[in-house]
Amino acid sequence: MERLKQVRFITAFGIMVFVLLWSQVGFGNILASEKYSKVIWRYLETLCAFGPRYPGSEGYNKTKELIRKVGEKYADQVVEHPFFVRTETGTSQSMVNLELRFEGTQGGAPILIGAHFDTRPFADEDPDPGKRSTPILGANDGGSGTAVLLGLAQYLNQHPAQRPVHLVFFDGEDFGAKGSGLNLLGSTYLAQELAKKERSEWPYWVLVIDMVGDKDLQIFKETYSLKGSASFLDKIYRVAKDQGVRSLIDKTKYTIFDDHYPFHRMGIPSTVLIDFDYPYWHTLEDTLDKCSIESMMSIFSVVVKTIEDI
Ligand SMILES: [Zn+2]
């Protein structure tokens, strides 16, 4: 009897601690948060199991297939934006942005949420010069943002936002060597396509997430985001504060050319959430063990709350 009581007490205590922990993360529904944390972590494990995912690689092809499959299952529409890039050696590389569209409950201009799905073809920041031409795994850089977006696809299928949401998986963000100008290729291409269209077809807001898996997650307010999308950034940080998310730090630190930049240049409010204090950036050490689901879930929960009614 005593033992049973003890077990019951421990179980009840365990549940209480769990609820408390998740309410700290701020995700309202404990079952939903448990479900999506499993879903998102599994996506990240799958992406890492594909290996390096630079354009043309086997892992890259498998990633595109996974995104298409998720899109067919959960999105209202899957749109592909293929394009070609002339490489430094003069060859042509085919690339594609994959877009999963979700109709909102109230219509209006869409929110574009983007992440790059490609990984860096070479570890040019690796401390060992002998490893600098080896492709990186990109668990955090390329993997974490893609996994969160895939989780969002499943979430939005079940919990539509008011506005339409377009999840865009950008290609070629990390393609070229430093100074080659061959980076942000997918987002630049999409921005150029948008520039040809009427302004009424432009997104209401562009939100890019990149490198959000670091165990020690610290996201500062990025300069271009602050310049072009201050009110959206305020909302994100307000939601984070309400949810007790401490990884979003209310200070400015970096100016970063990420996939939000081509849209920022067009005058579309554009934000990037990125943790640039990551010692394994563009090295062979950017692996799954450096990532945590708690970090990714804190961003997921802030994003779903922020977009729900804007
Ligand atoms: Zn990168």
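So, how was this worked out
- Residues numbered from 1 in each chain as written.
- Predicted model: local features only at pLDDT ≥ 70, side-chain atom pairs only at ≥ 80, totals over all residues.
- Axes fitted to C-alpha atoms, helices over the stretch in contact; angles between N-to-C directions.
- Helix = DSSP H or I, 4+ residues; strand = E, 2+ residues; numbered from the N terminus.
- Parallel < 35°, antiparallel > 145°, perpendicular 65-115°, else oblique.
- Left-handed = near helix turned anticlockwise from the far one by under 90°.
- Contact = placed C-beta atoms within 7 Å.
- Nonpolar A, V, L, I, M, F, W, Y, C, P; charged D, E, K, R; others polar.
- Pairing = 2+ DSSP bridges.

1. Describing the packing of helix 6 (residues 223-242) against helix 8 (residues 293-307)
Across the interface, helix 6 lies against helix 8 with an axial gap of 9 Å and an inter-helix angle of 120 degrees. Between helix 6 and helix 8, the crossing angle belongs to the class labelled oblique. Crossing of helix 6 against helix 8: the hand is right-handed. Between helix 6 and helix 8, the residues in contact are Lys235, Ile236, Val239 and Ala240 and Val302, Lys305 and Thr306, respectively. Here the contact of helix 6 with helix 8 is composed, by residue class, of 4 nonpolar, 1 polar and 2 charged.

2. Examining the sheet that holds strand 8 (residues 270-274)
Where strands meet in a sheet, backbone hydrogen bonds hold them as pairs that are either parallel or antiparallel. With mixed pairing, 6 strands are arranged side by side in an open sheet as 1-2-4-3-5-8. Every interior strand has two partners, whereas the edge strands, strand 1 (77-86) and strand 8, have only one. The average angle at which neighbouring strand axes cross in this sheet is 20 degrees, direction not considered. Here helix 6 sits on the sheet and contacts strand 5 (205-210) and strand 8; the angle it forms with strand 8, its principal contact strand, is near 90 degrees.

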